[in-house]
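Letter by letter, the chains look like this.
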Amino acid sequence: MLNSMLCEKALGCLTGIALGDAMGMPLEFMTREEIQNRYGYVDSLLNPSHSHIHSSLVMGQITDDTEQTLYLAASIIKHKAVTPELSAAALLKWAKEKDAFNKSYLGPSTKKALEKLMKGEDPHKTGGFSNTVGAAMKIAPVGLINPGDIDNAVLETVSASIPTHGSSTAIAAAAAVAASISTAALEQADIQQVFEAGLQGAILGAKYGNSYPGASVAKRMELARKIVQDSSGFDEAVINLCDYIGVDMLSTELVPTAFGIMMAAKGDPMKSILAAVNAGGDTDTLAAIIGGVTGTMSGPKVFPKELVAKILDVNRLYLKETALGLANLGCERFKKRSAPNS
């Protein structure tokens, strides 16, 4: 029973990530106004324009958000462990097999870290002080294999993050996502519980990595919640979140805004994803993070079948196998943790 539930939640998580990523891809780095003027309100898959940074990609194609998530998941399933060395190896495998250095979606922090890792530098140090959102965007598998275990989800988030994103803020943001998914994976958690879990993850995660003199992810999450509470409605809340917190690729902007949008939408997966897609900025990552968290809460059936089918076909994705592998490990860990005298 537990394994079946975890498998459904893991599939919802991975499906939501891929859907958010693919829908946000053609709009990445555009402003909210540019999106509105060119497309109106986006609620379907699009081809990127000829002048867009991702002009070489096609409708429904995923980017590094989903790809790195799946490569990390494959490593975790194979080794049943998360270490900086294994995480770095998974990243190097992704870069080689996906020809990452010639792709439009290789993030700046990950690129720097990959260059260092390819020279044989220590994966415990290659993440430096990077504070972008690249760790948070791929961390979902760590949450899924730690159902109900926020403490271990945070510890393994550190191991998965530091090869590319070694700052305390980047780790805090990734830990917020992992902790929220950890909580959503085990029970029928509502958005309030998921938000509180994310907040706890952010507070714990900030204790690790290289101390960075930036804004607190946890405090920004609290601000996001207040913005939502003080706004007159959903649309105003999303605009205020974008204007006061931001949608740039910084950990201190994108992750708090993601949690704010989910709060404003009361955890509704598609309402949250579409708001992220139309928000501007780092749209694919914002929507992917939201898709992962809300997909874990709700399962895959909440997502439009035709959109999901298109994305699976275009990218030749077989998410069920990965979801089953993560669910099996999560179930194994949960039972071991729950056993008498464990």
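In what follows, the structure referred to is the one given above.
**Section: the side chain of E28**
- On the secondary structure map, E28 appears in the loop between α1 (2–24) and α2 (32–39).
- Buried E28, no salt bridge; nearest opposite-charge side chain is K103, N-O distance 13 Å.
- Beyond its immediate chain neighbours, meaning those up to four positions away, E28 contacts H52, H54, G281, D282, T283 and D284.

**Considering the nonpolar core**
- Counting 93 residues, the largest nonpolar core has M23, V177, V255, I273 and L286 as the members making the most contacts within it.
- Counting residues per element, this core draws most heavily on α1, at ten residues.
- The next biggest cluster of nonpolar side chains, apart from the first, holds twelve residues, and it includes L57, A95, Y105 and L106.

**Quick notes on the layout of surface pockets**
- Reported here for the largest pocket is a volume of approximately 350 Å³.
- Every residue lining the largest pocket is counted, 17 residues in all, and those nearest its centre are L70, K98, N315, R316 and L317.
- Of all the elements in the fold, those that place two or more residues in the lining of the largest pocket are α3 (64–79), α16 (305–315) and α17 (319–338).
- Of all the elements, α3 adds the most residues to the lining of the largest pocket, at four residues.
- In terms of residue class, the lining of the largest pocket is made up of nine nonpolar, three polar and five charged.

What counts as what
Residues numbered from 1 in each chain as written. Predicted model: local features only at pLDDT ≥ 70, side-chain atom pairs only at ≥ 80, totals over all residues. Heavy atoms only, no water. Helix = DSSP H or I, 4+ residues; strand = E, 2+ residues; numbered from the N terminus. Buried < 20%, exposed > 50% of the residue type's maximum accessible area, 1.4 Å probe, protein only. Lys, Arg positive; Asp, Glu negative; His and termini not counted. Salt bridge = Lys/Arg side-chain N within 4 Å of Asp/Glu carboxyl O. Contact = heavy atoms within 4.5 Å. Core = buried A, V, L, I, M, F, W, Y, C linked by side-chain atoms within 4.5 Å. 1 Å grid on protein atoms, 1.4 Å probe; cavity = no way out; pocket = protein on both sides within 12 Å on 5 of 7 lines; lining within 4 Å. Points joined across faces, edges and corners; volume = space filled by probe spheres on them. Nonpolar A, V, L, I, M, F, W, Y, C, P; charged D, E, K, R; others polar.

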